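Listed below are the residues making up each chain.
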Amino acid sequence: MNRLALSGALAIVVAGTAAVVLWRRSHEGTPPQVGQPPSSAPVAASTAPSPRFTGWSDPAGVGRPYGDKVPGLLTFRGNPTRTYYGTGPIPRTRPTEKWAFPRSGAMCSTSVDEHGPSEWCGSGWTGQPSVFERNGRTWVVFGAYDRKVHFLDAETGERILPDFPTGDIIKGSVTVDPDGYPIVYTGSRDNYYRAIAIDREVPTELWKLSADAVSPTKWNNDWDGAGLVIDDYLFEGGENSQFHIVKLNRGYDAAGKVTVAPKLVFNAPGWDDQLLADIGHGNVSIENSVAIVGDTVYFANSGGLVQGWDISGLKAGRAPTRVFRFWTGDDTDATIVADEQGMLYVGSEYEKASARSKEVGQMMKLDPSKPDSPLVWKLDDRPRTPAGVWGTPALYKDIAIFDTTGGDVHGVDRATGTVRWTFHLPSGQVWQSPVVIDGTLVIGDCLGDLHAYDVSDTTKPPTELWTMKVGGCIESTPAVWKGRMYFGTRAGAFHALAA
């Protein structure tokens, strides 16, 4: 373990809330609501400028793109706070299929898990593609259950680059480098998280991180989470149950081709002794995508432990320290979402039927500036076992939108936790994360139907705009870019829909 890790990889400062609230003091006033464009109204000459944010992830970026260097939807849920869903307009009437990939056959392979070998087809949870502009073309990049990363032209569905093969299935979402380096980051069940160059005729592996590169580990060697890259650092959690920070050292060689010289500078277990005692098992894998707001990185694990780590001193050589701990009582795979005030929206599953999961619910809002009592509100979803939330919540204006594995979709008042409205998708399973742009909500189900609803008035029940049967369980989350929707299904195909 390197100097940073040795100096305090397991330091726990639960009561130290300064890092959580520091950004609040430098951001007085109210930022635009999530899902709304910034105000274009002129500012009076006498108005003092807001202090310039210094830190890792400006809370004013909630609901906005992942930087301004690469136009696109670059990672799962679009930005470090996991609150950007792409650009519209989403069609108000039923769209048509522009293309499907592959032209024939299906994206399938055999993979082995704790239940033995089985065939996996298409793409599933979370599986959101990245869509971005590069060299005058719109690219669509995604990993799939055929053990490959695909690089497609968004207009035609044809390959821009050959497929990049991995040794096992790819479940999670890829991340495109937000600083313009031609690199795609992705994990696979084959034990590795990779950086892949896309500035060659053939996509080329620049580096890979083994799930066994750190110790101790628990559970398995898969990488479901979509990493975040900020200021040349990669932040990623693994199903090895560890959280990792890598200094990428990106650059270019004499021929102008992109390079990296990565160094693992920090890692820490996603569990602690108290969690293991509380849950009585070792499934503590990190399957969600880390979120960063201010100078704090957040993630949860399959044991239900939500953590926040202060990374303010990382560039100066100071090891991150834990500043927030909360236990949901059950498997928490949905990605944590942060709003403009640094509040956290957390969805948790209901599988173990523990007393703690009954106490704190399956949908919750947490205030990390109050570590001793962070629960602002909670909602229950326990009609059966299993139940609860697999999809990452979406924020739109003054509501949070949660879906449940049983098919209920809730619009929840962000301030009070009051359920404004609920509708039901009769599919038997909804794991997809809801997408909402310009008042239109898009969500798929396991009957193979993609639905759109008008949620522009958050106080009224949504009006269904259209339903389109695609076929195959729609588990993976759609990417929406310039109104076109891209997603895969468990039937083995990847689809592009538009008006």
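Look up: the structure comes first, before these words.
Quantities reported herein were computed from a predicted structural model and do not represent experimental measurements.

Engineer: Describe the overall build of the protein, listing the residues and the values that go with them.
Structural biologist: Helix and strand counts for the protein stand at four helices and 39 strands. When the accessible surface of the protein is totalled, it reaches about 17,900 Å², and 51% of it is carbon and sulfur.

Engineer: Would you mind going over the layout of surface pockets in detail, with residue names and values included?
Structural biologist: The calculated volume of the largest pocket comes to roughly 680 Å³. Lining the largest pocket are 26 residues, with Asp113, Glu114, Lys171, Arg189 and Glu287 positioned closest to its centre. Each residue belonging to the lining of the largest pocket can be placed in one class, and the counts come to eight nonpolar, four polar and 14 charged. Within this model, the second largest pocket holds a volume of roughly 560 Å³. Looking at the second largest pocket, it is lined by 23 residues, and the ones nearest its centre are Trp56, Asp58, Gly67, Ile230 and Asp231.

Engineer: I'd like to hear about the sheet that holds strand β7 (residues 148-153), residue by residue, with values.
Structural biologist: Read from one edge to the other, the open sheet built from five strands follows the order β1-β5-β6-β7-β8, with strand pairing classed as antiparallel. Both edges of this open sheet fall to β1 (72-73) and β8 (159-165), since each of them pairs with a single strand only. Where β7 meets β8, four bridges bridge the pair, whose relative direction is antiparallel. Each residue of the ladder has a partner; that of valine 149, found in β8, is phenylalanine 164.

Engineer: Describe the nonpolar core, and please don't skip the residues or the numbers.
Structural biologist: If you look at the biggest cluster of nonpolar residues, it comprises 51 residues, and the most contacted ones within it are Phe151, Phe235, Phe243 and Ile245. Ranked by the residues each element gives to this core, the list is headed by strand β11 (residues 192-197), at four residues. Dropping the residues within four chain positions of it, isoleucine 245 is found in contact with Tyr233, Leu234, Phe235, Lys263, Leu264, Val265, Phe266, Ile311, Leu314 and Pro320. Formed by 40 residues, the second largest nonpolar core is a distinct cluster that contains Tyr396, Ile399, Phe402 and Ile437.

Engineer: Just give me the short version of the pattern of salt bridges, but keep the residues and values in it.
Structural biologist: The full count for this structure, using the stated rule, is 33 salt bridges. One salt bridge connects glutamate 340 with arginine 414, and the closest N-O pair in it is separated by 2.7 Å. With a gap of 74 residues between them, glutamate 340 in the loop between β23 (337-338) and β24 (344-347) and arginine 414 in the loop between β31 (408-413) and β32 (419-424) connect regions that are remote in the sequence. Accessibility assignment for this pair places glutamate 340 and arginine 414 in one class, buried. Through salt bridges with shared partners, a single network forms among Lys69, Asp177, Asp179, Asp232, Lys247 and Arg250.

Engineer: Summarise empty space enclosed by the protein; cite the residues concerned and give the values.
Structural biologist: As enumerated under the stated definition, the model contains one cavity of 30 Å³ or more in all. If you add up the space inside the largest cavity, you get close to 30 Å³. Tyr193, Trp207, Leu209, Trp223, Leu234, Glu236, His244, Ile245 and Val246 are the residues that line the largest cavity. Here the element with the most residues in the lining of the largest cavity is strand β15 (residues 242-247); it accounts for three residues. Classifying every residue of the lining of the largest cavity by side-chain character gives seven nonpolar, one polar and one charged.

Engineer: So what's going on with the packing of aromatic side chains? Which residues, and what values?
Structural biologist: Enumeration over the complete set of coordinates arrives at 19 aromatic pairs. On the basis of an interplanar angle of 75° and a centroid distance of 5.2 Å, the ring pair of tryptophan 120 and tyrosine 145 is categorised as edge-to-face. Placement of the pair is tryptophan 120 in strand β4 (residues 116-121) and tyrosine 145 in the loop between β6 (137-143) and β7, with a sequence separation of 25 residues. Its relative accessible area of 1% is what places tyrosine 145 among the buried residues. Geometrically, the ring pair formed by tryptophan 390 and tryptophan 431 is stacked, given 5.4 Å between the ring centres and 5° between the ring planes.

The rules behind these values
- Residues numbered from 1 in each chain as written.
- Predicted model: local features only at pLDDT ≥ 70, side-chain atom pairs only at ≥ 80, totals over all residues.
- Heavy atoms only, no water.
- Helix = DSSP H or I, 4+ residues; strand = E, 2+ residues; numbered from the N terminus.
- Areas by Shrake-Rupley, 256 points an atom, 1.4 Å probe, with all protein chains shown as cover.
- 1 Å grid on protein atoms, 1.4 Å probe; cavity = no way out; pocket = protein on both sides within 12 Å on 5 of 7 lines; lining within 4 Å.
- Points joined across faces, edges and corners; volume = space filled by probe spheres on them.
- Nonpolar A, V, L, I, M, F, W, Y, C, P; charged D, E, K, R; others polar.
- Pairing = 2+ DSSP bridges.
- Core = buried A, V, L, I, M, F, W, Y, C linked by side-chain atoms within 4.5 Å.
- Buried < 20%, exposed > 50% of the residue type's maximum accessible area, 1.4 Å probe, protein only.
- Contact = heavy atoms within 4.5 Å.
- Salt bridge = Lys/Arg side-chain N within 4 Å of Asp/Glu carboxyl O.
- Phe/Tyr/Trp six-rings, centres within 6.5 Å; stacked < 30°, edge-to-face > 60°.

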